[in-house]
Amino acid sequence: MALCRKVLQLSAVIVIMGALSCCEKQDSSTRPPPKNDPLLFKSATELTSAIRRGEITSLDLLNRYLENIQRNNDGINAVVALDVEAARGRAAEADKALAEGRDWGPLHGLPMTVKDVFEVVGMPATAGDPKLKDYIPQRNAIAIQRLIAAGAIIFGKTNVPYHARDFQSFNKVYGTTNNPWDLSRTPGGSSGGSAAALAAGFTPLELGSDLGGSVRFPAHYCGVFGHKTSFGIIPRYGHIPPMPGRVPPEHMPVVPLFVVGPMARSADDLQLALEVLVTPNNTAKSGNRPELLPPRKKQFSDYRVAVWLTDTAPTAEVDADVLEILRQTVEKLRKAGLEIDVDARPDLRLWETIHLWAEIRDELMAGALPLYEGLVARQKEQQSKWAEFFERYDVLLAPISLTVAFPHDHSEPIIYRRLKVNGKNKPYIDNLSWTAMAVVAGLPATAAPVGLSKSGLPVGVQIIGARYEDRTTIDFAKGLSELVGGFVAPPGFIDEQG
């Protein structure tokens with residue numbers, strides 16, 4: 001993608017825009033594999049520790065990420081806006097603060113990017129909407145402010161589909177984002193730019209959001225970690241949609257379904273970010289929030305694991321390329337001594353959940369809030385069934401997507417699009433079959449990479465837990481990654497001699 005720079009607000013902001021239209025594709029054969037410093041792929045936890053120990057400065061780390069973006073973002077188009085001047089100023093302040101013995105918090109001096117649906121002072125917040133291409137927020141989203149209060153340096157924004165409504169990430173403002181594993185394929189959506197940026201070594205930590213799988217799909221397609229949080233634990237004010245100023249902060253808690261959640265290259269980093277994001281600060285009026293419970297088990301081998309990989313619903317058929325890796329993962333867990341039940345199911349059907357999700361989403365899109373009592377009652381019924389299920393099991397493992405990352409397809413209307421599953425053309429929207437259930441019930445769901453398919457593309461698993469037990473699903477993801485291996489950089493992206 002060609003790089004086009006547009007100066008906004010007295011040249012303080014650099015916007016990186018793809019020169020191709022949102023429907024054009026990249027030729028991966030024309031781009032040589034990049035070679036990057038391994039430091040860029042270290043976890044946020046490792047990097048914050050290195051900054052505190054004086055092994056690297058915040059400013060130096062920021063500049064290394066910026067250099068990598070300048071070299072390699074052209075073909076991926078994950079990072080679409082930068083505020084370089086402000087970020088370098090804050091990084092210098094972070095280094096000075098440490099030299100003076102002042103620690104800003106758990107993310108002190110850590111440069112990071114965030115999904116372009118969050119309002120960040122000094123940078124555009126477009127949500128992929130041409131009507132918002134010149135919109136520069138005057139205040140930060142609450143979640144963003146919490147990251148900043150913990151010491152993070154927000155230096156860039158990552159690409160999304162229009163209003164975050166797709167399994168792919170393309171729009172008429174910034175164009176198409178490509179998957180670092182294969183530029184002809186999608187990185188997913190709607191947090192596709194976030195996942196691609198993590199996989200390519202453009203950022204150590206990201207903030208995404210999830211209404212139907214928007215954190216989990218990209219994590220699966222790009223081989224990174226993502227966490228869909230329990231509903232209600234992180235304030236969403238400052239997220240677009242809804243359009244800026246349309247829903248006041250006191251009304252945001254009644255907006256259903258969607259949540260804010262971290263994305264990273266390790267489960268430890270998900271936990272690090274989660275603790276920051278659920279911690280109020282003196283600039284955020286977030287109201288009461290439920291307390292998160294500690295992990296259920298101290299030993300990974302003690303977890304009781306339910307497994308739901310296949311279903312009789314025609315919409316839920318999973319491609320053999322994905323299913324094989326998931327089954328291998330389950331077998332590794334069994335050999336490690338965990339209690340596995342492949343027949344356990346909550347007392348509900350996938351198709352019922354999909355229908356309920358669609359009804360609630362339609363009401364949300366129509367602005368019919370609060371939801372009418374019938375929908376709320378059905379939602380509570382499903383929540384009750386899940387609560388009963390998790391009295392017997394600690395986590396449920398399920399697929400995320402029907403396939404690995406698929407080739408770009410921007411056909412309109414969306415009903416024309418198809419996914420090839422086991423050689424058959426399936427409706428594009430079937431891809432929601434496995435992700436919607438955690439959304440309807442407000443459950444935490446952690447996406448963790450578990451291997452590469454025969455086609456050489458990442459496969460992730462969805463780890464679902466009881467509501468407000470986010471620490472359990474992340475803890476399980478950590479143990480799982482130690483067993484099967486965690487994040488792996490796309491081929492050619494790390495120079496081991498760097």
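Since the structure is predicted, the reported quantities are computational estimates derived from the model, not experimental observations. (Residues numbered from 1 in each chain as written. Predicted model: local features only at pLDDT ≥ 70, side-chain atom pairs only at ≥ 80, totals over all residues. Heavy atoms only, no water.)

1. Let's talk about the overall build of the chain
Working step 1: A count of helical and extended segments in the chain gives twelve helices and 17 strands.
Working step 2: Radius of gyration (C-alpha) of the chain: 21 Å, near the 23 Å computed for a compact globule of 498 residues.
Working step 3: Taking the principal axes of the C-alpha coordinates as reference, the chain spans close to 55 × 50 × 45 Å.
Working step 4: Taking all 498 residues of the chain together, the buried fraction comes to 59%.
Working step 5: Within the chain, contacts between residues separated by at least 24 positions form 77% of all contacts whose residues are at least 6 apart in sequence.
Working step 6: About 18,900 Å² of surface is accessible on the chain, with carbon and sulfur atoms providing 52% of the total.
Working step 7: Charged side chains of the chain number 54 positive and 56 negative; the gap between the two group centres comes to 2 Å. (Helix = DSSP H or I, 4+ residues; strand = E, 2+ residues; numbered from the N terminus. Rg over C-alpha atoms; globule rule 2.2 N^0.38 Å. Buried < 20%, exposed > 50% of the residue type's maximum accessible area, 1.4 Å probe, protein only. Contact = heavy atoms within 4.5 Å. Areas by Shrake-Rupley, 256 points an atom, 1.4 Å probe, with all protein chains shown as cover. Lys, Arg positive; Asp, Glu negative; His and termini not counted. Charge placed at Lys NZ, Arg CZ, Asp CG, Glu CD.)

2. As for the nonpolar core
Working step 1: By size, the foremost hydrophobic cluster in this structure holds 155 residues, and its most contacted members are Leu-147, Trp-386 and Phe-476.
Working step 2: Broken down by element, the residue count for this core peaks at seven residues, all from helix 7 (residues 267-277).
Working step 3: Not counting residues up to four positions away in its chain, the partners in contact with Leu-147 are Leu-107, Met-112, Val-114, Ala-152, Ile-154, Leu-207, Val-276 and Leu-277. (Core = buried A, V, L, I, M, F, W, Y, C linked by side-chain atoms within 4.5 Å.)

3. Topic: the side chain of Asn-171
Working step 1: Looking at the secondary structure, you find Asn-171 in strand 6 (residues 170-171).
Working step 2: Of the polar contacts made by the side chain of Asn-171, one reaches the backbone nitrogen of Val-173; its length is 2.9 Å.
Working step 3: A distance of 2.6 Å separates a polar side-chain atom of Asn-171 from the backbone nitrogen of Tyr-174. (Polar contact = N/O pair within 3.5 Å; in protein donor to acceptor, adjacent residues only side chain to side chain.)

4. Describing helix 1 (residues 44-52)
Working step 1: For helix 1, the complete set of buried residues consists of Ala-44, Leu-47, Thr-48, Ala-50 and Ile-51. Axial view of helix 1: buried residues confined to an arc of 160°, hence all on one face.
Working step 2: Trailing helix 1 by a residue or two, Gly-54 shows a phi angle of about 80°, which is positive. (Arc of directions from axis to C-beta.)

5. Some details on the pattern of salt bridges
Working step 1: According to the stated counting rule, one finds 26 salt bridges in the structure shown.
Working step 2: Connected through shared salt-bridge partners, Arg-296, Lys-297, Arg-304, Asp-394 and Glu-469 make up one network. (Salt bridge = Lys/Arg side-chain N within 4 Å of Asp/Glu carboxyl O.)

6. A short note on the environment of Gly-226
Working step 1: With respect to the element layout, Gly-226 can be found in strand 9 (residues 225-228).
Working step 2: Taking relative accessible area as the criterion, Gly-226 reaches 0% and is therefore assigned buried.
Working step 3: For Gly-226 and Ala-447, which are 221 residues apart along the polypeptide, the C-alpha to C-alpha distance reads 5.0 Å.
Working step 4: Ignoring sequence-local partners within four residues, the contact set of Gly-226 consists of Val-215, Ala-219, Pro-262, Met-263, Leu-270, Ala-445, Thr-446 and Ala-447.

7. Observations concerning the pairing of strand 5 (residues 153-158)
Working step 1: Here strand 5 lies mainly inside the structure; six of its six residues are buried.
Working step 2: Bridge analysis of strand 3 (residues 79-82) against strand 5 gives three bridges, and the strand direction is antiparallel. If you follow Val-79 over to strand 5, its bridge partner there is Thr-158.
Working step 3: For strand 4 (residues 111-115) and strand 5, the ladder comprises five bridges, and the chain directions are parallel. When the bridges of strand 5 are listed, Thr-113 appears paired with Gly-156.
Working step 4: In this fold, the crossover linking strand 4 to strand 5 by way of helix 4 (residues 142-149) has right-handed handedness. (Pairing = 2+ DSSP bridges. Right-handed = clockwise from strand over helix to strand, strands pointing away.)

8. A look at unusual backbone geometry
Working step 1: For the bond running from Pro-241 to Pro-242, omega is 5°, close enough to zero to count as cis.
Working step 2: Secondary-structure assignment places Pro-242 in the loop between strand 9 and strand 10 (259-264).
Working step 3: Cis peptide bonds are those with omega within 30 degrees of zero, and the linkage from Glu-412 to Pro-413 qualifies with -5°.
Working step 4: Assignment of secondary structure puts Pro-413 in the loop between strand 13 (395-398) and strand 14 (418-421).
Working step 5: One non-glycine residue, Ala-127, lies in the positive phi region at around 50°.
Working step 6: Tracing the backbone shows Ala-127 in the loop between strand 4 and helix 4.

9. Digging into the confidence of the model for the chain
Working step 1: For the chain, mean pLDDT is 92; residues scoring 70 or higher make up 90% of the total.
Working step 2: Confidence drops under pLDDT 50 across residues 282-287; counting only partners more than four residues distant or on other chains, this segment forms seven contacts. (pLDDT = per-residue confidence, 0-100.)

10. Quick word on the packing of aromatic side chains
Working step 1: Inspection of every chain in the model, using the stated rule, returns 14 aromatic pairs.
Working step 2: When the ring of Trp-386 is compared with that of Phe-390, the centres are 5.7 Å apart and the planes differ by 20°; the resulting orientation is stacked. The burial state of Trp-386 is the same as that of Phe-390; both residues are buried.
Working step 3: Here Phe-389 and Phe-390 contribute two aromatic rings whose centre-to-centre distance is 5.2 Å and whose plane-to-plane angle is 80°, an arrangement assigned as edge-to-face.
Working step 4: Taking the relative accessible area as the measure of exposure, Phe-390 reaches 2% and is therefore buried.
Working step 5: The residue whose ring lies beneath Arg-236 is Phe-258, and the NZ or CZ to ring-centre distance is 4.7 Å.
Working step 6: The ring of Phe-487 carries Arg-265 above its face, with NZ or CZ at 5.9 Å from the centroid. (Phe/Tyr/Trp six-rings, centres within 6.5 Å; stacked < 30°, edge-to-face > 60°. Lys NZ or Arg CZ within 6 Å of the ring centre and 35° of its normal.)

11. So, the side chain of Asp-166
Working step 1: The topology assignment puts Asp-166 in the loop between strand 5 and strand 6.
Working step 2: Using a relative accessible area of 10% as the deciding quantity, one classes Asp-166 as buried.
Working step 3: Engagement of the side chain of Asp-166 in a polar contact is seen with the side chain of Tyr-428, the distance being 2.5 Å.
Working step 4: Every residue in contact with Asp-166, bar those within four places of it in the chain, is listed here: Pro-161, Gly-189, Ser-190, Ile-414, Arg-417 and Tyr-428.

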